[in-house]
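A closer look at the structure
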Amino acid sequence: MKTFLIVAGIVLAVLILLLFIICGFIYNQIVWRKTIKIPKFITNIIAGNDMAMEHYEEDAHRAEAILLTRITRTEEYISDNGEKLILRVVEPEKSNGRLILACHGARSWGVGEFCFISDYFYKNGYTVIMPDHRGCGNSDGKYMGYGTHESRDTYYWVNYAKQHYPDLDIFLLGVSMGAATVLMMSKNASDAAIKGIIADCSYTSAWDEFSYQLKTSFHLPDFPILNICNLYSRMIAGYSFKEASPLNAVKEAKKPILFIHGGKDDFVPTYMEKILYDTCCTEKEMLVVENAIHARSYYTNPDAYQKAIESFMNKYSKTKSRV
């Protein structure tokens, strides 16, 4: 009996250790900048990863090349912990009196995220500033915060916009993690220069998003995997997945918000937008782009997207669009 208990204890300890190793691997995949390569068959079963669209990659490369030629200047900011943050600025030939502070999604960068819509902004007089968030693009950082440290960092770029473009109305625009970022800013965005927020395909919280992926893609419960990953995040990155909560922020939003989501988004499911919209306490509008998958609403239907954002900004900007 004693031998059995010893063996059982060893087996249990090995299983617990294996569980923590597996969770460490998962944490690496969702938070850390440098990820461990995994077999393609695993990534293929993750909800929303099958996002191939005919000609999309070719179109994106062409659009990025055009946008890079329009960069007016690149700025650097050294954060409190010594990490370098990068911002790219695009100024139009003639300003329409509006500035877009554009926040990209996880594992993306400003140019890659906004290469398509930037052409529209440039030709219609918008000044656009695009930060690369920590752990992404050309900025420093080992991990992503899913809106936690990104929302704090972005206030620095709001101040930058006010200092360099004091006469322009500021609108915050974010896609995916960037949408979560600007929504998390909404409860503290009392600055008069910020006129409104446009959030494209945000999750309700990082916890909800990771829980959705566990259940939908792998048919696994939150406990204990997500709880252990969250423990790692608190210990290593200094934040909880539940703190990365646009849902809590919009309960106290200070600015008007336009929510946008793809009707066929199965990476960040469309129902999350409806929850955010229903919870939001401020003036709000919603656009669901039919047939659009995750973060491809503008690419899928640019006319509907442009119409929605122009209508929204016309309501809250002191300048009226010439479009």
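The preceding data block contains the structure.
Summary of the structure given here. Computed from a predicted model, the values in this text were never measured in an experiment. (Residues numbered from 1 in each chain as written. Predicted model: local features only at pLDDT ≥ 70, side-chain atom pairs only at ≥ 80, totals over all residues. Heavy atoms only, no water.)

1. Some words on empty space enclosed by the protein
Within this structure, the stated rule accounts for one cavity of 30 Å³ or more. In this model, the largest cavity occupies a volume close to 30 Å³. Elements supplying a minimum of two residues to the lining of the largest cavity: β4 (127-132) and α6 (148-164). Among the elements that take part in the lining of the largest cavity, α6 stands out by supplying three residues, more than any other. In terms of residue class, the lining of the largest cavity is made up of three nonpolar, two polar and three charged. (1 Å grid on protein atoms, 1.4 Å probe; cavity = no way out; pocket = protein on both sides within 12 Å on 5 of 7 lines; lining within 4 Å. Points joined across faces, edges and corners; volume = space filled by probe spheres on them. Helix = DSSP H or I, 4+ residues; strand = E, 2+ residues; numbered from the N terminus. Nonpolar A, V, L, I, M, F, W, Y, C, P; charged D, E, K, R; others polar.)

2. Details of the sheet that holds strand β8 (residues 284-289)
Strand order in the open sheet formed by eight strands is β1-β2-β4-β3-β5-β6-β7-β8, and the pairing between neighbours is mixed. If you trace the sheet from one side to the other, it starts and ends with β1 (73-78) and β8, each paired once. With direction set aside, neighbouring strand axes in the sheet form an average angle of 20 degrees. Alignment of strand β3 (residues 98-103) against strand β5 (residues 169-175), held across six bridges, turns out to be parallel. Following the sheet pairing, arginine 98 is matched in β5 by aspartate 169. (Pairing = 2+ DSSP bridges. Axes fitted to C-alpha atoms, helices over the stretch in contact; angles between N-to-C directions.)

3. Here we look at the pattern of salt bridges
Using the criterion set out here, one finds 13 salt bridges in the structure. Salt-bridge contacts for glutamate 83 lead to arginine 134; the nearest nitrogen and oxygen are separated by 3.0 Å. With a gap of 51 residues between them, glutamate 83 in the loop between β1 and β2 (84-90) and arginine 134 in the loop between β4 and α6 connect regions that are remote in the sequence. As far as burial versus exposure is concerned, glutamate 83 and arginine 134 are alike and both buried. A salt bridge links lysine 123 to aspartate 119, with the nearest nitrogen and oxygen atoms 3.1 Å apart. Note that lysine 123 and aspartate 119 are positioned in helix α5 (residues 117-123) at a spacing of four residues, about one turn of the helix. Here the residues in one salt-bridge network are Arg70, Asp119 and Lys123, joined through shared partners. (Salt bridge = Lys/Arg side-chain N within 4 Å of Asp/Glu carboxyl O. Buried < 20%, exposed > 50% of the residue type's maximum accessible area, 1.4 Å probe, protein only.)

4. Quick word on the layout of surface pockets
Space left empty within the atom packing is revealed by a probe, the size of a water molecule, rolled over the atoms. Taken as a whole, the second largest pocket encloses approximately 190 Å³ of empty space. Along the walls of the second largest pocket sit Thr148, Ser151, Arg152, Tyr155, Met184, Lys187, Asn188, Glu243, Ser245, Asn248 and Ala249, which together make up its complete lining. Those elements that place two or more of their residues in the lining of the second largest pocket are α6 and α10 (246-250). Classifying every residue of the lining of the second largest pocket gives three nonpolar, five polar and three charged.

5. Description of the packing of helix α8 (residues 206-218) against helix α9 (residues 225-236)
Running from amino to carboxyl end, α8 crosses α9 at an angle of 140 degrees, the nearest separation of the two axes being 11 Å. By the angle between their axes, α8 is oblique relative to α9. When the axes of α8 and α9 are compared, the crossing they make is right-handed. From α8, Trp207, Phe210, Ser211 and Leu214 reach across to α9, where they touch Ile225, Leu226, Asn227 and Asn230. Class assignment for the residues of the contact of α8 with α9 results in five nonpolar, three polar and no charged. (Parallel < 35°, antiparallel > 145°, perpendicular 65-115°, else oblique. Left-handed = near helix turned anticlockwise from the far one by under 90°. Contact = heavy atoms within 4.5 Å.)

6. Looking at the nonpolar core
Counting residues in each nonpolar core, the largest one holds 35 residues, and the members touching the most others are Ile100, Phe121, Val128, Met130, Ile260 and Ile309. It is helix α13 (residues 302-316) that provides the largest number of residues to this core, a total of six residues. Beyond its immediate sequence surroundings of up to four residues, phenylalanine 121 is in contact with Ile100, Tyr126, Val128, Leu173 and Ile309. Judged by nonpolar contacts, the second largest core, of 30 residues, contains Leu85, Leu101, Ala253 and Leu276. (Core = buried A, V, L, I, M, F, W, Y, C linked by side-chain atoms within 4.5 Å.)

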